[in-house]
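A look at the structure
What follows is each chain in one-letter form.
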Amino acid sequence: KVSFNIKGGYKNQKNYAFFVNNILNSPGAVGANLQGFEYGNSFGIAYDDLKTLSLGGELKFDINKDSNIGFSGEFNSYSTKDLEEAWHLPTFKIGADANFKITEKWFAGANVFFVGERYGKENILITDEFANQTMLSQKLTLDSYFDINAKVLYKYNERISGYVKLNNIAGQNYMRYANYPVQGFQFL
């Protein structure tokens with residue numbers, strides 16, 4: 001059995017909340033006593049109107065009633081009113097997932113996805129030894145990334161089950177947001 005879903009749309013959102021990096025204070029300044037959040041590792045919110053034109057689709061194959069394989073993709077085009085870019089929003093995403101019932105008690109699943117480039121902005125406040133301050137602003141291109149996750153579940157009975165879950169199997173230390181890397185390989 002095969003099912004599919006094709007979708008397209010246009011959204012006009014007022015005051016959309018974008019994650020933007022807080023100002024990074026220069027740690028080399030004389031007398032700098034920086035707080036933990038002043039090293040470029042925290043975010044604020046910037047509000048702007050966002051228009052999104054999107055096109056996407058999904059294709060799913062049911063192997064049997066408890067097992068399936070699916071593929072999906074999405075393309076987005078953004079425009080903002082005041083901001084330079086739609087910060088941290090990807091132009092495209094593609095993915096695939098699979099879920100299998102191996103026996104009455106064993107289940108397995110995996111998903112893989114690819115997210116395209118996004119843009120971030122870094123504002124650096126430079127303070128020299130005479131306490132003069134200069135604000136530098138630069139647009140960052142965040143690399144696209146690829147991720148693989150897998151899980152195995154054992155269902156002992158209706159009330160007791162156990163599982164093993166592996167995330168970011170490829171071990172990529174990609175940036176989901178500017179200056180905010182995800183954890184590498186994870187085992188749960």
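Rules of the game
Residues numbered from 1 in each chain as written. Predicted model: local features only at pLDDT ≥ 70, side-chain atom pairs only at ≥ 80, totals over all residues. Heavy atoms only, no water. Helix = DSSP H or I, 4+ residues; strand = E, 2+ residues; numbered from the N terminus. Rg over C-alpha atoms; globule rule 2.2 N^0.38 Å. Buried < 20%, exposed > 50% of the residue type's maximum accessible area, 1.4 Å probe, protein only. Contact = heavy atoms within 4.5 Å. Areas by Shrake-Rupley, 256 points an atom, 1.4 Å probe, with all protein chains shown as cover. Lys, Arg positive; Asp, Glu negative; His and termini not counted. Charge placed at Lys NZ, Arg CZ, Asp CG, Glu CD. Salt bridge = Lys/Arg side-chain N within 4 Å of Asp/Glu carboxyl O. Core = buried A, V, L, I, M, F, W, Y, C linked by side-chain atoms within 4.5 Å.

A look at the overall build of the chain
- Counting secondary structure elements, the chain contains zero helices and 13 strands.
- Counting helices and strands in the order they occur from the N terminus, the chain gives β-β-β-β-β-β-β-β-β-β-β-β-β.
- Computed over the C-alpha atoms, the radius of gyration of the chain is 22 Å, more than 25% above the 16 Å expected from 2.2 N^0.38 for a compact globule of 188 residues.
- The C-alpha extent of the chain, read off along each of the three principal axes, is 70 × 40 × 25 Å.
- Out of the 188 residues in the chain, the part that is buried amounts to 26%.
- When contacts within the chain are restricted to residue pairs at least 6 apart in sequence, those whose partners lie at least 24 apart make up 56%.
- Only carbon and sulfur atoms are counted for the fraction: they give 56% of the accessible area of the chain, which is about 12400 Å².
- In the chain, the 19 positive side-chain charges and the 19 negative ones have mean positions that sit 12 Å from each other.

Some thoughts on the pattern of salt bridges
- Counting across every chain of the model gives five salt bridges.
- Between Glu85 and Lys139 there is a salt bridge; the shortest N-O distance is 2.7 Å. Here Glu85 is found in the loop between strand 4 (67–80) and strand 5 (92–101), whereas its partner Lys139 is found in strand 8 (residues 133–142), with 54 residues between them in sequence.
- Judged by its relative accessible area of 37%, Lys139 is partly exposed.
- For the salt bridge of Glu104 with Lys101, the shortest nitrogen-to-oxygen distance reads 3.4 Å.
- We classify Glu104 as exposed; its relative accessible area is 63%.
- The exposure class assigned to Lys101 is partly exposed, which follows from its relative accessible area of 23%.

Comments concerning the nonpolar core
- Listed in full, the seven residues of the largest apolar core are Phe18, Val20, Ala46, Leu50, Ala86, Trp87 and Leu89.
- The set of elements that each furnish at least two residues to this core consists of strand 1 (2–21) and strand 3 (43–64).
- Residues within four places of Leu50 in sequence aside, it is in contact with Lys11, Asn12, Gln13, Tyr16, Phe18, Tyr78, Ser79, Thr80, Ala86 and Leu89.

Details of the side chain of Asn168
- One can find Asn168 in the loop between strand 10 (161–167) and strand 11 (175–177).
- Judged by its relative accessible area of 2%, Asn168 falls in the buried class.
- Ignoring sequence-local partners within four residues, the contact set of Asn168 consists of Asp147, Ile148, Asn149, Tyr174, Val182, Gln183, Gly184 and Phe185.

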